[in-house]
Amino acid sequence: MRSRWAQFQYDCQPSEHVASGCKQDNYAVCLLAYTGLIGSTITPNYLDNSTSNVGPWCSCSASGNHREQCDDFLEYFHDNICLSE
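As the structure is a prediction and not an experimental result, all values here were calculated from the model. Sequence order as written defines the numbering, with residues in each chain counted from 1. Local features in this predicted model are restricted to residues whose pLDDT is 70 or higher, and side-chain atom pairs enter the listing and the counts only when it is 80 or higher, whereas totals over whole chains, interfaces and linings include all residues. For side-chain calculations, the full set of non-hydrogen atoms in the structure is used, while hydrogens and water are omitted.

> What am I meant to see in the state of the cysteines here?
Disulfides are covalent bonds that link the sulfur atoms of two cysteine residues. Disulfides are defined as cysteine sulfur pairs within 2.5 Å. For the structure shown, the criterion picks out 3 disulfides. Two residues share a disulfide in this structure: C12 and C30, whose sulfurs sit 2.1 Å from each other. Between C12 and C30 the disulfide shows an S-S torsion of about 115°. By sign, it is right-handed. On the criterion of sequence distance, the pair formed by C12 in the loop between α1 (4-11) and α2 (27-36) and C30 in helix α2 is long-range, its members being 18 residues apart. Note on conventions: DSSP H or I runs of at least 4 residues are helices, E runs of at least 2 residues are strands, and numbering of each starts at the N terminus.

Structural data, given as structure tokens:
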């Protein structure tokens, strides 16, 4: 059985090679995987009151030599076309 994070990564993986921009081509499955994160240590929230942008309430400012991994993690929320549809 996959962890909730692994399921979210699988179901919400963006892809430039698919017309929809979402590798699994199924926004509903992505949304379901996203809601599966609620209650976990990665629980996403609205980032501000003026938009519908969601993501974990963290930044990569203190990630040191893991900055690239941290940025990749946040991109799954901030710049993910699978979540924006």
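> What exactly am I supposed to notice about the packing of α1 against α2 here?
To describe two helices that pack against each other, one gives the angle between their axes and the distance between the axes. The axes used here are C-alpha line fits, helices contributing only the stretch in contact, and every angle between their N-to-C directions lies in the interval 0 to 180 degrees. Axis separation between α1 and α2 bottoms out at 8 Å; the angle between their running directions is 160°. With respect to α2, the axis of α1 lies roughly antiparallel. The hand of the α1/α2 crossing is left-handed. Touching R4, Q7, F8 and D11 of α1 are V29, C30, A33, Y34 and G36, all from α2. A breakdown of the residues in the contact of α1 with α2 according to their chemical character gives 5 nonpolar, 2 polar and 2 charged. Throughout this description, any angle smaller than 35 degrees is read as roughly parallel, any larger than 145 degrees as roughly antiparallel, any in the 65 to 115 degree range as roughly perpendicular, and the remainder as oblique. If you view the pair so one helix is near and one far, a crossing is left-handed when the near helix is turned anticlockwise from the far one by less than a right angle, and right-handed when it is turned clockwise. Contact definition: two residues touch when any of their heavy atoms are within 4.5 Å. Throughout this entry, Asp, Glu, Lys and Arg are counted as charged residues, while Ala, Val, Leu, Ile, Met, Phe, Trp, Tyr, Cys and Pro are counted as nonpolar. The remaining residues, Gly among them, count as polar.

> Sorry if this is basic, but what is going on with the side chain of S40 here?
Among the structural elements, S40 can be located in the loop between α2 and β1 (45-46). For every residue, the accessible area (1.4 Å probe, protein chains only) is compared with the maximum for its type, and the residue is labelled buried under 20%, exposed over 50%, or partly exposed between those bounds. The exposure class of S40 is buried, given its relative accessible area of 19%. Only 2.6 Å separates the side chain of S40 from the backbone oxygen of L37, close enough to count as a polar contact. Counting of polar contacts relies on pairs of N or O atoms within 3.5 Å, with two restrictions inside protein: one atom must be capable of donating a hydrogen and the other of accepting it, and residues adjacent in sequence are counted only when both atoms are side-chain atoms.

> Got a minute to help me understand the side chain of S20 in this structure?
Looking at the secondary structure, you find S20 in the loop between α1 and α2. A polar contact is formed between the side chain of S20 and the backbone nitrogen of C22, at a distance of 3.2 Å. Side-chain polar atoms of S20 contact the side chain of D25, separated by 2.6 Å. Beyond its immediate stretch of four places on either side in the chain, S20 contacts D25, Y27 and I81.

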